[in-house]
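In case you want the letters, here they are:
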Amino acid sequence: MDSVIKSEFHYQEHTNTITHKTSQPTEKIILERNAELRKNPGAIHDLGAQSGESFGRMVASIPFIMFEKALRDGYMLNSPDSQIAGQEMNRFLKSTEGKMCLVQGSH
């Protein structure tokens, strides 16, 4: 893996169209880890105890490419108003894609 975000351009001669696609090679790894953490709810606290840190309340781990797509889909996750951003995060985490990002139970 040579980059965090992979960018590809595809040219289709028959339509003379260039398509740009971005992907995140680590997306699958992040989502698989989230699924494992959901199976063992105490794992988040165990990780913090091992390092001597407190993680607080970790709810989700969202791959950047999914965060970026959520913004394009109309979720205002980066709203300067923290109340709106929080409401939008909750709305995203209730979506099919958002549920894959959860690390603790269902939201």
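Let us look at the structure shown here. All of these numbers come straight from a predicted model, not from anything done at the bench. Every residue gets a number counted from 1 within its own chain, in the order that chain's sequence is written. Where local features are concerned, this predicted model is filtered to residues with pLDDT of at least 70; where side-chain atom pairs are given and counted, the filter is 80 or more; whole-chain, interface and lining totals use all residues. Heavy atoms from the whole structure form the basis of all side-chain values; hydrogens and water molecules are not counted.

### So, the overall build of the protein
Labels follow the DSSP assignment, with helices taken as runs of H or I lasting at least four residues and strands as runs of E lasting at least two, numbered in each case from the N terminus. Helix and strand counts for the protein come out as 5 helices and 2 strands. Reading the protein from its N terminus to its C terminus gives the helix and strand order β-β-α-α-α-α-α. Considering the protein as a whole, with its 107 residues, one finds that 23% of them fall into the buried category. Counted over contacts in the protein with a minimum sequence separation of 6, partners at least 24 positions apart contribute 49%. Total accessible area on the protein is roughly 7500 Å²; 52% of this is exposed by carbon and sulfur atoms. The rule is simple: take the accessible area with a 1.4 Å probe, protein chains only, and divide by the maximum for that residue type; under 20% is buried, over 50% is exposed, in between is partly exposed. We call two residues in contact when some of their heavy atoms are within 4.5 Å. To be clear on the numbers: accessible area is Shrake-Rupley with a 1.4 Å probe, and residue cover counts the displayed protein chains and nothing else.

### Some thoughts on the environment of His20
Position of His20 among the secondary structure elements: in strand β2 (residues 17–23). Expressed as a C-alpha distance, the spacing of His20 and Ser7, which sit 13 residues apart in the sequence, is 7.2 Å. Each residue touching His20, except ones within four places of it in the same chain, is listed here: Ser7, Glu8 and Phe9.

### As for the pattern of salt bridges
Side-chain pairing between opposite charges can occur once the charged atoms of the two side chains come close. Throughout this description, the term salt bridge denotes a Lys or Arg side-chain nitrogen within 4 Å of a carboxyl oxygen of Asp or Glu. In total, this model carries 6 salt bridges according to the counting rule given. Across the salt bridge formed by Arg72 and Glu68, the nearest N and O atoms sit 3.8 Å from each other. Taken together, the residues span about one helical turn, with Arg72 and Glu68 both in helix α3 (residues 64–72) at a distance of 4 residues. Arg72 gets classed as exposed once you look at its relative accessible area, which sits at 58%. Judged by relative accessible area, which is 26%, Glu68 ranks as partly exposed. Shared partners join several salt bridges into a network, and the residues in it are Lys69, Asp73 and Glu97.

### Observations concerning the nonpolar core
Here, the term nonpolar core denotes a set of buried Ala, Val, Leu, Ile, Met, Phe, Trp, Tyr and Cys residues that are joined through side-chain atoms within 4.5 Å. By size, the foremost hydrophobic cluster in this structure holds 11 residues: Leu31, Val59, Ile65, Met66, Ala70, Tyr75, Leu77, Phe92, Leu93, Cys101 and Leu102. The greatest single-element share of this core, amounting to 3 residues, is contributed by α3.

### A look at the pairing of strand β1 (residues 6–12)
Across 7 bridges, the pairing between β1 and β2 is antiparallel. Looking across to β2, one finds that Ser7 is bridged to Thr22. Hairpin connection from β1 to β2: 4 residues lie between these consecutive antiparallel strands, with Asn16 at a positive phi of about 55 degrees. The pairing criterion is simple: DSSP has to find at least two bridges between the two strands.

### With respect to helix α1 (residues 27–39)
In this model, α1 (13 residues) spans 19 Å end to end at C-alpha, consistent with the 18 Å of a helix rising 1.5 Å per residue. All of the buried residues along α1 are Leu31, Asn34 and Leu37. The buried residues of α1 all sit within an arc of 120 degrees when viewed along its axis, so they share a single face. For α1, the exposed residues lying more than 90 degrees away from the buried face are Lys28, Ile29 and Lys39. By this rule the span expected of a helix is its residue count minus one, scaled by 1.5 Å. The reported arc concerns the directions from the helix axis to the C-beta atoms and nothing else.

### Thoughts on helix α4 (residues 82–93)
With 12 residues, α4 should cover 16 Å at 1.5 Å per step; its first-to-last C-alpha distance of 16 Å lies within 8% of that length. Among the residues of α4, Ala85, Glu88, Phe92 and Leu93 are the ones counted as buried. Buried residues along α4 cover an arc of 135 degrees about the axis, so they all sit on one side. Polar contacts, as counted here, are pairs of nitrogen or oxygen atoms within 3.5 Å of one another; within protein the pair requires one atom able to donate a hydrogen and one able to accept it, and residues that are adjacent in sequence qualify only if both atoms are side-chain atoms. If you check the start of α4, you find a side-chain oxygen 2.9 Å away from the backbone N of Gln83, and it comes from Asp81.

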